[in-house]
Amino acid sequence: MKKNIVEFRFLAEPTDVNFGGKVHGGIVMKWIDQASYACAAQWSKRYCVTVSANAIRFIRPVLVGQLISVEARIVHTGKSSMHIYVVVRASDPRGDKPSVTNRCFITFMAVDEAGFPAKVPTFEPATEEDKKLEEVAKHAKEFAKQLDDDFEQSLGWK
């Protein structure tokens, strides 16, 4: 088992459905947050808090009864932050090939018992895919910083 990856697998339930008959986007975001929290906590061995969710893409709908896989993996770390790539896949449990339904980056921060940032182990990419995902995560991190700056400068929001 890779220490930087967590995968949740389950069936989409009828209680997850929206008025359009598909799984509600908020439910999918909950799955993403839960899997990425588990990934961050496993990596850091600490309680973690969500810092940001970037570019959550809704590529195709999730249907009730589909087998869902939510894979969360550390792709970049800072001093106390963990940047996690999350991909959601859905398939017919009788065996069709899974399709990507959602993907995004989530950033978590490890905190100590007093709620202050805590140091996390450094992630070292091992594969070419890991290296590419780390580069994309760094780009997303810079974009998020720029967006914060734009809000502050253009709108005076802090």
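Above this text you will find the structure in question.
What you see is a predicted model; the values in this text were computed from it and never measured. (Residues numbered from 1 in each chain as written. Predicted model: local features only at pLDDT ≥ 70, side-chain atom pairs only at ≥ 80, totals over all residues. Heavy atoms only, no water.)

To continue, consider the overall build of the chain. Helix and strand counts for the chain stand at 2 helices and 5 strands. The secondary structure elements of the chain, listed N-terminal to C-terminal, are β-α-β-β-β-β-α. Computed over the C-alpha atoms, the radius of gyration of the chain is 17 Å, within 12% of the 15 Å expected from 2.2 N^0.38 for a compact globule of 158 residues. For the C-alpha atoms alone, the extent of the chain along its principal axes is close to 45 × 40 × 35 Å. Residue burial in the chain is summarised as follows: out of 158 residues, 38% are buried. Of the contacts formed within the chain by residues at least 6 apart in sequence, a portion of 70% connects residues at least 24 apart. On the chain, roughly 9,600 Å² of surface is accessible, and the fraction owed to carbon and sulfur atoms is 56%. (Helix = DSSP H or I, 4+ residues; strand = E, 2+ residues; numbered from the N terminus. Rg over C-alpha atoms; globule rule 2.2 N^0.38 Å. Buried < 20%, exposed > 50% of the residue type's maximum accessible area, 1.4 Å probe, protein only. Contact = heavy atoms within 4.5 Å. Areas by Shrake-Rupley, 256 points an atom, 1.4 Å probe, with all protein chains shown as cover.)

The end-to-end C-alpha separation of helix α1 (residues 25–44) is 28 Å, in line with the 28 Å expected for 20 residues at 1.5 Å each. Among the residues making up α1, those that are buried are Val28, Trp31, Ile32, Ala35, Ser36, Cys39, Ala40, Ala41, Trp43 and Ser44. In this structure, the buried side of α1 is in contact with β1 (5–11), β2 (47–58), β3 (67–77), β4 (81–91) and β5 (99–111). Lys45, located one to two residues past α1, shows a positive phi value of around 60°. (Expected span 1.5 Å × (residues − 1).)

Judged by nonpolar contacts, the single largest core of 28 residues is most densely connected at Trp31, Ile68, Met82, Ile84 and Val86. Contributing elements (two or more residues each) for this core: α1, β3, β4 and β5. With 7 residues, α1 is the largest single contributor of residues to this core. In this structure, Val75, Tyr85, Ala137 and Ala140 belong to the second largest nonpolar core, which totals 7 residues. (Core = buried A, V, L, I, M, F, W, Y, C linked by side-chain atoms within 4.5 Å.)

One pass over the structure, following the stated rule, counts 5 aromatic pairs. Arranged with centres 4.8 Å apart and planes meeting at 70°, the rings of Phe10 and Trp31 form a pair that is edge-to-face. Residue Phe10 is found in strand β1, and its partner Trp31 is found in helix α1; the two are separated by 21 residues along the sequence. For Phe10, a relative accessible area of 25% corresponds to the partly exposed category. A centroid spacing of 5.5 Å and a plane angle of 55° characterise the contact between Tyr85 and Phe105, whose relative ring orientation is tilted. With a gap of 20 residues between them, Tyr85 in strand β4 and Phe105 in strand β5 connect regions that are remote in the sequence. One aromatic cluster is present, built from ring pairs that chain together Tyr37, Tyr47 and Phe108. (Phe/Tyr/Trp six-rings, centres within 6.5 Å; stacked < 30°, edge-to-face > 60°.)

Let's shift gears to the side chain of Thr101. If you trace the backbone, Thr101 turns up in strand β5. When residues no more than four places from it in sequence are discounted, the contact partners of Thr101 are Arg57, Phe58, Ile59, Arg60, Pro61, Val62, Val88, Arg89 and Ala90.

In this section: the pairing of β4. Summarising burial for β4: 10 of the 11 residues are buried, a large majority. Bridging between β3 and β4 involves 10 bridges; their strand directions are antiparallel. Looking at β4, one finds that Val70 is bridged to Val88. Taken together, β3 and the strand that follows it, β4, pair antiparallel across an intervening segment of 3 residues. Bridging between β4 and β5 involves 10 bridges; their strand directions are antiparallel. (Pairing = 2+ DSSP bridges.)

Next up on the list: the sheet that holds β5. Strand pairing in a sheet relies on backbone hydrogen bonds. The paired strands run either parallel or antiparallel. One open sheet holds the 5 strands; their spatial order is β1-β3-β4-β5-β2, and the pairing between them is antiparallel. Since the sheet does not close on itself, it has two edges, and those belong to β1 and β2, each with one partner. Averaged over all pairs of adjacent strands, the angle between strand axes in this sheet comes to 20°, irrespective of strand direction. This element, α1, spans β1, β2, β3, β4 and β5 of the sheet and lies at about 45° to β3. Along the sheet, helix α2 (residues 128–155) contacts β2, β3, β4 and β5; its crossing angle with β3, the most-contacted strand, is approximately 75°. (Axes fitted to C-alpha atoms, helices over the stretch in contact; angles between N-to-C directions.)

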